[in-house]
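Now for the letters of each chain:
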Amino acid sequence: MAGISIAASQDAQTPTHTAWRALRQNRWGMVAVVFLAVMVLTAALAPLIAPHDPQAQNLLERLAPPSWAGDSDHLLGTDHLGRDVFSRLVFGSRISLLVGVSAAMLAGVIGAVVGLLAGYYGGRLDWILMRLADVQLAFPSILLALAVVAFLGSGLWIVIVVLGLTGWVSYARVVRSEVVSLKTRDFVTEARAIGVGNLTIIRRHLLPNVVAPLATIATLNVASAIVAESALSFLGLGVPTHIPTWGSMLADGQLYLGTSWWIAIFPGLALMLTSLAINITGDAIRDATDPKVYRR
Amino acid sequence: MTTVLSIEKLSVDFELGTETVHAVRDVSLDLAEGETLAIVGESGSGKTATALSILQLNPVPPAVYRSGTIRFGAHDLLALPEARLRAIRGNDIAMIFQDPMTSLNPLKKVGRQIGETLQLHRDVSRRDTRSAVVEALAQAGVPRPDERAEQYPHELSGGLRQRAMIAMALVTRPKVLIADEPTTALDVTVQAQILELLVQLQDRHGMAIVLITHDLGVVADVADRIAVMRSGEIVEEQPCEPLFAAPQHEYTRSLLAATPRLAGASEGA
C-alpha cells in the first residue's frame, strides 16, 4: 500500500517517496519486511516447499525427533500421528496469513467507514457510532468469537468474519479523530465551496488522508488476528481440525511437551516470529509516514 | 447597474455550549454586477462569517442561520436545499480562502483539483478539462502552467498556490467571487501581484468581487465600495473615496488612524 505522508517537505519528492526512503533506513523494519516476504512466498508455494503431505499419517514414525536432533528423516520431526511437522507448519502458514489478512481487511473496511461517517457528520450519528464502539470494546472479543463459533459451528470463513467484526473499533476511533481535525482544514471547506457533495468529500478528500494510520493499524491487526485464530484453533473452535493450523498444532503438541517438545515449539516459534515481524513492520510504516517522528 | 447578490437583514449565531455568539447581526449588503465590495473589520468582527453565510459554508453546528435572505438571481440561497446550493457553489459563486498552504488537498495534483470544479459543473471531456485547467492557470499568471498542473501543492510556493486557488475559483467563470483575506498569508510584494491579478481578471470576465480583509491598504487600491464591520454589525458603508476622505463613524476613523500607510493614501484620495 502506498505509504502516504502529509509532510510538506520542500524537496521535490512525492510524499510516497519520502516515506519509502524513511522505511528503507529502518534496519529492523527491513528485516521484518523481508521475513514477511519469505512467509508470504512460503504460503503461496506451500505444495512445492513441503516435503511431505501434511495430512499423511504414518504411525510407524510417530513422535520422531527432528533430523538434526536424532535418528529421523523429518526436518522438524513428526507428531503423535506421524505427520511431518515441517510440512504442517508450511501449510499452516496459509491459514494464518489468510485469516490474519482477511480479518484485518474486513475490520479495516468497517472501521474506516464508521470512523469517516462519525468524524465527518458528527452530532448524534457520531455519538451513536462511538457508543457502539465502546460497547464492542467493553466486550472481550475472544469470548464473543467463542460464543459465535460455538453457536454457528466452526469454519474458516466464520472465523474470519467473527475476527473482522470484533476488530473494527481501533480503526474507527483513529480514523474518526483524524477526520475531526481534517474536516476543519481549509481544503475541505474549499471542496464544499466548489460544490462537492458530502460523500464525495469523504471518499476523495478525507479517505486518502487517513490511509497512513489505516495501514499502520491494519498491520497490527493482522498480527492480533493470527494470534486470535490460533487461540480459537487451540481450543478446538477454529477452522475444521483436518486443516493444519499453527493453533491446532500447538494444541496437539501440549500433551507431548515433556517428551516430544518439537511438536509444539515450532508452531509456537512461527507464531511468535510472524506476529513480531508484523508488529515491527507496522511500527516502521507508522514512523515512515508520520512527519512528527524525528528522522536521522 | 443590476444587483447580482443581495443580503438582507442576515443574522447568524454561533451556539457554543451554553454561550451564544451573535456573529452576524442584521447585516444588509448589495453587490452590483462587476463591482468590488470590500468588507473590512478587525478579527472577530463577523466579516468572514458573513462571507461564508452566502454559500452556507459556516460549520453547522455551531452556526445557526437565524434570519434574513440572500438573493442571488431568482433564488434565496438560505432557503435552497443542499443539492441546489451545490450546483451554485463553485459554478455561479466561487470562493478563495486566506491560507493557500492549507486550502489545497496535499495528496492531489494541482491540475486535478482545479479540474474537479469544472467536471462537477460542466459536461466536459477529460481533454477539454485539461486544456481549460492549463488556460486557467495561465490566466492566473502561473508560469509554465502545463508543468505546474502536474505538481503537488507542496512543490509550489505560497504565491503560486494562491494563483492556483484563483485558477480553481475562476475556471468556471463565476458571476461572483468571494475572496476571504486572499493576501493575508502572503509576502507584501506577492500581495500586490495577487491583487493586481484579481483586478485584471475582473476586467476580463466582468465578475463581481466580495473582498474580505482587515487590511485597509489592500482595500484602497481595488475596492469600489467599502463596508466596515464591528461586532457583527455594519457600522458604515460608503464608496471608497469618500470613506477614506471623510469617514463618518468613529470606528472607521480609528481603523484608518491605525494604518500608518493610509495617512498618505487618504490625503491623496
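Reading guide: rules and limits
What you see as residue numbers is a count from 1 along each chain, following the sequence as written. Labels are handed out in written order, letters beginning with A for the chains and numbers beginning with 1 for the ligands. For this predicted model, a pLDDT threshold of at least 70 governs which residues receive local features, and a threshold of 80 or more governs which side-chain atom pairs are given and counted, while totals over whole chains, interfaces and linings are taken from all residues. By the criteria applied, helices consist of DSSP H or I runs no shorter than four residues and strands consist of E runs no shorter than two, each listed in order from the N terminus. In this description the radius of gyration comes from C-alpha coordinates, and the expected globular size is given by 2.2 Å times residues to the power 0.38. Counting other C-beta atoms within 10 Å of each residue's C-beta, where C-beta atoms are placed from the backbone, gives the exposure class: buried for 20 or more, exposed for 12 or fewer, partly exposed between. Note on contacts: each residue gets a C-beta atom placed from the backbone, and two residues are in contact if those atoms are within 7 Å. By definition, two strands form a pair when at least two bridges between them are found by DSSP. Helix axes use the C-alpha atoms of the stretch in contact, all axes being lines fitted to C-alpha atoms, and the angles between their N-to-C directions lie in the range 0 to 180 degrees. Only buried residues count toward a nonpolar core: Ala, Val, Leu, Ile, Met, Phe, Trp, Tyr and Cys, linked into one set through C-beta atoms within 7 Å. Three classes are used: nonpolar for Ala, Val, Leu, Ile, Met, Phe, Trp, Tyr, Cys and Pro, charged for Asp, Glu, Lys and Arg, and polar for all others, with Gly counted as polar. One less than the number of residues in a helix, times 1.5 Å, gives the span that helix is expected to have. Here pLDDT means the predictor's own confidence in every residue, given as a number from 0 to 100.

**A short note on the overall build of chain B**
Part 1 of the reasoning: Helix and strand counts for chain B come out as 11 helices and 10 strands.
Part 2 of the reasoning: Radius of gyration (C-alpha) of chain B: 19 Å, near the 18 Å computed for a compact globule of 269 residues.
Part 3 of the reasoning: Within the span of chain B, comprising 269 residues, buried residues form 46% of the whole.
Part 4 of the reasoning: Here the analysis covers contacts within chain B between residues at least 6 apart in sequence; of these, 67% occur between residues at least 24 apart.

**A look at the sheet that holds strand β8 (residues 208–213) of chain B**
Residue and element names in this part refer to chain B.
Part 1 of the reasoning: Spatially, β6-β7-β8-β3-β9-β10 is the arrangement adopted by the 6 strands of the open sheet, whose pairing is mixed. On the outer flanks of this sheet lie β6 (93–96) and β10 (233–239), each paired with one strand and no other. Averaged over all neighbouring strand pairs, the angle between strand axes comes to 15 degrees, with direction disregarded.
Part 2 of the reasoning: Pairing between strand β9 (residues 225–230) and β10: 6 bridges, direction antiparallel. Bridging across to β10, Arg 230 finds its partner in Glu 233.

**Notes on the nonpolar core**
Part 1 of the reasoning: Residues Ala 164, Ala 167, Val 176 and Val 210 of chain B are the most contacted members of the largest nonpolar core, which totals 150 residues.
Part 2 of the reasoning: With 17 residues, the single largest contributor to this core is helix α4 (residues 85–121) of chain A.

**Looking at the interface of chain B and chain A**
Part 1 of the reasoning: At the junction of the two partners, chain B supplies 23 residues and chain A supplies 20 residues.
Part 2 of the reasoning: If you tally residues by element for the side of chain B that touches chain A, the top one is helix α3 (residues 110–121) of chain B, at 4 residues.
Part 3 of the reasoning: Per-class residue counts for the side of chain B that touches chain A are 10 nonpolar, 8 polar and 5 charged.

**Examining the sheet that holds strand β1 (residues 3–16) of chain B**
All names here are of chain B.
Part 1 of the reasoning: The 4 strands lie next to each other as β2-β1-β4-β5, forming an open sheet whose pairing is antiparallel. Bordering the open sheet on either side are β2 (19–32) and β5 (75–76), each of which pairs with just one other strand.
Part 2 of the reasoning: Packing against the sheet, helix α1 (residues 47–54) makes contact with β1, β2 and β4 (63–72), and its axis sits at approximately 65 degrees to β2.

**Brief notes about helix α6 (residues 141–152) of chain A**
Part 1 of the reasoning: Over its 12 residues, α6 of chain A extends 16 Å from the first C-alpha to the last, a length consistent with the 16 Å expected when each residue adds 1.5 Å.
Part 2 of the reasoning: At the C-terminal side of α6 of chain A, Gly 153 of chain A shows a positive phi close to 90 degrees.

**A look at the environment of Val 38 of chain A**
Part 1 of the reasoning: You can see Val 38 of chain A is positioned in helix α2 (residues 27–44).
Part 2 of the reasoning: Residues Val 38 of chain A and Arg 124 of chain A, 86 residues apart in the sequence, show an inter-C-alpha distance of 47 Å.

**Describing the confidence of the model for chain A**
Part 1 of the reasoning: Confidence in the prediction of chain A, expressed as mean pLDDT, is 82, and 93% of residues score 70 or more.
Part 2 of the reasoning: Low pLDDT, under 50, characterises residues 1–12 of chain A; the stretch is placed with 38 contacts to residues that sit more than four places away or in other chains.

**Some remarks on helix α6 (residues 158–170) of chain B**
Residues and elements named next belong to chain B.
Part 1 of the reasoning: With 13 residues, α6 extends 18 Å from end C-alpha to end C-alpha; this agrees with the ideal 18 Å at 1.5 Å per step.
Part 2 of the reasoning: Where burial is concerned, most of α6 is hidden: 12 out of the 13 residues are buried.
Part 3 of the reasoning: Regarding α6, the residues found buried are Gly 159, Leu 160, Arg 161, Gln 162, Arg 163, Ala 164, Met 165, Ile 166, Ala 167, Met 168, Ala 169 and Leu 170.
Part 4 of the reasoning: Contacts from the buried residues of α6 go to β6, α3, α4 (126–139), β7 (176–180) and α7 (188–205).

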